[in-house]
Amino acid sequence: MTIPTPMGCAACGIERRDHGRQHTKAAGWHTWQQPSQQQIKDRMLARRATRLFVASLLDGVNEWKTQGAATAEATLRELENQLYAEDPSDRADAYLALRAMEGEPDAS
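Remember, predicted model here, so these are calculated numbers, not experimental data. Starting afresh in each chain, residues are numbered from 1 along the sequence in its written order. Predicted model: local features are reported for residues with pLDDT of at least 70 only, side-chain atom pairs are reported and counted for 80 or more only, and whole-chain, interface and lining totals are derived from all residues. Only hydrogens and water are set aside; all other atoms, that is, all heavy atoms of the structure, feed into the side-chain values.

**Q** Which parts of the structure should I look at to understand the overall build of the protein?
**A** Strands here mean DSSP runs of E at least two residues long; helices mean DSSP runs of H or I at least four residues long; both are numbered from the N terminus. Looking only at helices and strands, one finds 3 helices and 2 strands in the protein. Going from N to C terminus, the protein has its helices and strands arranged as α-β-β-α-α. Burial here depends on accessible area, computed with a 1.4 Å probe over protein chains only, as a share of the maximum for the residue type. Under 20% is buried, over 50% is exposed, and the range in between is partly exposed. A buried classification covers 17% of the 108 residues belonging to the protein. Using the Shrake-Rupley algorithm and a 1.4 Å probe, accessible areas are obtained, with residue cover drawn only from the displayed protein chains. Only carbon and sulfur atoms are counted for the fraction: they give 56% of the accessible area of the protein, which is about 8500 Å².

Written as C-alpha cells, this is what we have:
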C-alpha cells in the first residue's frame, strides 16, 4: 500500500497534476478534490512514520551485519587456531570446516 501525497485528491490520493478523471468504488468517477486539513495532517504523519520505520529497519540490518561479521571472524579465528592444534583429528575437522566456509565443493 502506498501512502498518498499530503495534497493528493481527497477521494483517491492522486496528485492534482496527474489526476484528470479517476474512478474509485467509493467516489465513482470524479475530478481532483481538495483534501481536508485532517487528511493532509494524517498523510503527513503516515509518511513520517513510514520514514522512521524504514530508518529503524536499516539500522537493525546494519547492526546485524556488523554483529554477523564479528561472529564469522571469531569463528574463522577459532578454526584457524584448531589447525595448529596438537590433536590430528582437531586439525582435520578444522581444515574441512574452513574449506566449507570458503565455499569449496566436496569439503566434507
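Following the structure, the description resumes.
**Q** Would you take a moment to explain the state of the cysteines for this structure?
**A** Defined simply, a disulfide is a covalent bond joining two cysteines at their sulfur atoms. The term disulfide is used for any two cysteine sulfur atoms that are within 2.5 Å. Using the criterion set out here, one finds 0 disulfides in the structure. With no disulfide of its own, Cys9 lies closest to Cys12 among cysteine sulfurs, the gap being 3.8 Å.

**Q** Could you clarify how one ought to interpret the environment of His30 in this entry?
**A** Relative to the helices and strands, His30 is located in strand S2 (residues 28–30). Distance in space between the C-alpha atoms of His30 and Cys9 is 9.8 Å, their sequence separation being 21 residues. For this analysis, residues touch if any pair of their heavy atoms sits within 4.5 Å. For His30, the contacting residues outside a window of four places in its chain are Cys9, Ala11, Cys12, His19, Gly20, Arg21, Gln22, His23 and Thr24. Throughout this description, a polar contact denotes any pair of N or O atoms lying within 3.5 Å of each other; where both atoms belong to protein, one of them has to be capable of donating a hydrogen while the other can accept it, and for residues adjacent in sequence the pair is counted only when both atoms sit in side chains. In terms of polar contacts, His30 uses its side chain to reach the side chain of His19, at 3.2 Å. Separated by 3.0 Å, the side chain of His30 and the backbone oxygen of Gly28 make a polar contact.

**Q** Please clarify how the confidence of the model for the protein should be interpreted in this entry.
**A** In low-pLDDT regions, the fine details of the predicted coordinates are not to be read closely. Of all residues in the protein, 83% attain a pLDDT of 70 or more, and the chain-wide mean is 80. One confidence number per residue, pLDDT, is output by the predictor and ranges from 0 to 100. Summarising per-element confidence for the protein, the mean pLDDT is lowest in helix H3 (residues 88–101) (72) and highest in S2 (92).

**Q** Teacher, can you tell me more about the side chain of His19 here?
**A** Note on placement: His19 falls in helix H1 (residues 16–19). A relative accessible area of 2% means that His19 is categorised as buried. Residue contacts for His19: discarding those within four places in its chain leaves Cys9, Cys12, Ile14, His30, Thr31 and Trp32.

**Q** How should I be thinking about a nonpolar patch on the surface in this particular structure?
**A** Together, Phe53, Val54, Leu57 and Leu58 make up a nonpolar patch on the protein surface, roughly 380 Å² of accessible area in all. When you line up the elements, Leu57 lands in helix H2 (residues 37–83). Here Leu57 falls in the partly exposed class, since its relative accessible area comes to 44%. Only residues whose relative accessible area exceeds 30% and that form no salt bridge are eligible for patches; like-charged ones are grouped when within 9 Å, while nonpolar side chains (Val, Leu, Ile, Met, Phe, Trp, Tyr) are grouped when within 5 Å. Basic side-chain nitrogens of Lys or Arg form a salt bridge, by our definition, when they fall within 4 Å of a carboxyl oxygen of Asp or Glu.

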